[in-house]
Every structure is written in C-alpha cells, then in structure tokens.
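# Inside the fold
What follows is each chain in one-letter form.
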Amino acid sequence: MNPLELVGAEPGPAFAVTLDGREITALPGQTVAAALWAAGITSWRATRGTGRPRGVFCGIGVCFDCLVTVNDRPNQRACLVPVRPGDTIRTQEGTGHGD
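I will try to describe carefully the structure that is included in this document. (Residues numbered from 1 in each chain as written. Predicted model: local features only at pLDDT ≥ 70, side-chain atom pairs only at ≥ 80, totals over all residues. Heavy atoms only, no water.)

### As for the overall build of the protein
- Within the protein one finds 1 helix and 8 strands.
- Along its sequence from the N terminus, the protein presents helices and strands in the succession β-β-α-β-β-β-β-β-β.
- Overall, the protein is about 50 × 25 × 20 Å in size when its C-alpha atoms are taken along their principal axes.
- Taking all 99 residues of the protein together, 33% fall into the buried category.
- Of the charged side chains in the protein, 9 are positive and 9 negative, and the gap between their average positions amounts to 9 Å. (Helix = DSSP H or I, 4+ residues; strand = E, 2+ residues; numbered from the N terminus. Buried < 20%, exposed > 50% of the residue type's maximum accessible area, 1.4 Å probe, protein only. Lys, Arg positive; Asp, Glu negative; His and termini not counted. Charge placed at Lys NZ, Arg CZ, Asp CG, Glu CD.)

### As for the pairing of strand β1 (residues 15-19)
- Of the two faces of β1, only one is covered, namely that formed by F15, V17 and L19; the face formed by A16 and T18 stays uncovered.
- Judged from the 5 bridges that link them, β1 and strand β2 (residues 22-26) form a sheet pairing that is antiparallel. Note on β2: the bridge partner recorded for L19 is R22.
- Between the antiparallel neighbours β1 and β2 lie 2 residues, among them D20 with a positive phi of about 50°.
- As paired strands, β1 and strand β7 (residues 88-90) are joined by 2 bridges and run parallel to one another. Pairing of L19 across the sheet is with I89, part of β7. (Pairing = 2+ DSSP bridges.)

### Regarding the pairing of strand β6 (residues 73-77)
- Relative to β6, strand β5 (residues 67-70) runs antiparallel, the two sharing 3 bridges. Along β6, the bridge assignment pairs V70 with R73.
- Two successive antiparallel strands, β5 and β6, enclose a turn made up of 2 residues, where N71 displays a positive phi of approximately 50°.

### Thoughts on the sheet that holds strand β4 (residues 53-54)
- Spatially, the 3 strands line up as an open sheet ordered β4-β3-β8, and their pairing is mixed. On the outer flanks of this sheet lie β4 and β8 (92-93), each paired with one strand and no other.
- Across 2 bridges, strand β3 (residues 45-46) lies against β4 in antiparallel orientation. Each residue of the ladder has a partner; that of A46, found in β4, is P53.

In short, shape yes, function no, at least from these values alone.
Have a look at this one:
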C-alpha cells in the first residue's frame with residue numbers, strides 16, 4: 001500500500017471498555033495503555049511491597065510496570081495488549097493473584 005493513501009485516515013468507531021467498573025472509550029487499534037492514557041489515566045498498578053503507583057514506563061513490552069488484569073487474566077502488559085470492545089480491565093496490586 002502506498003503510504004500516501006493513508007493521509008486523512010480515521011480510526012473505526014469508538015467502543016466502550018471498563019477500568020475498575022468505570023466506562024472509558026477506546027478506538028480500534030489502540031493498546032490498553034493507549035486507551036487508558038487517552039482517558040487521562042496514567043497509573044493503573046501498585047507495586048507489591050510499597051504500593052507505589054505505576055503505568056507505562058518503556059512502552060514496548062520490555063519492563064513490567066504497566067501490568068493490568070484484562071478479562072480476568074492478570075499480568076497483562078497494557079502496552080502490548082490490543083483493547084477489544086467490552087474488555088474488562090482491572091488495576092493490579094502486586095502480582096494480581098490476590099497474594
């Protein structure tokens with residue numbers, strides 16, 4: 001495809017997902033992290049020992065600061081997981097296993 005054909009391209013229609021029961025809007029092609037950032041949310045995990053807030057650090061899946069629980073699957077890297085209509089996202093405490 002010629003990149004010039006993408007000029008003026010627009011994403012498909014927005015859809016709803018939830019973060020801790022709060023509905024937010026996401027766009028097709030966004031990662032969970034991008035959708036959260038677009039909603040003004042910059043922290044969605046607390047560290048195991050001290051409970052310090054974390055969000056995106058590297059943005060490319062190398063670190064583990066952006067972990068969330070998506071559709072009951074803990075330890076998902078928000079910067080890598082594509083958001084899908086109806087996803088249920090939860091902030092994560094420590095390992096996300098209730099320990």
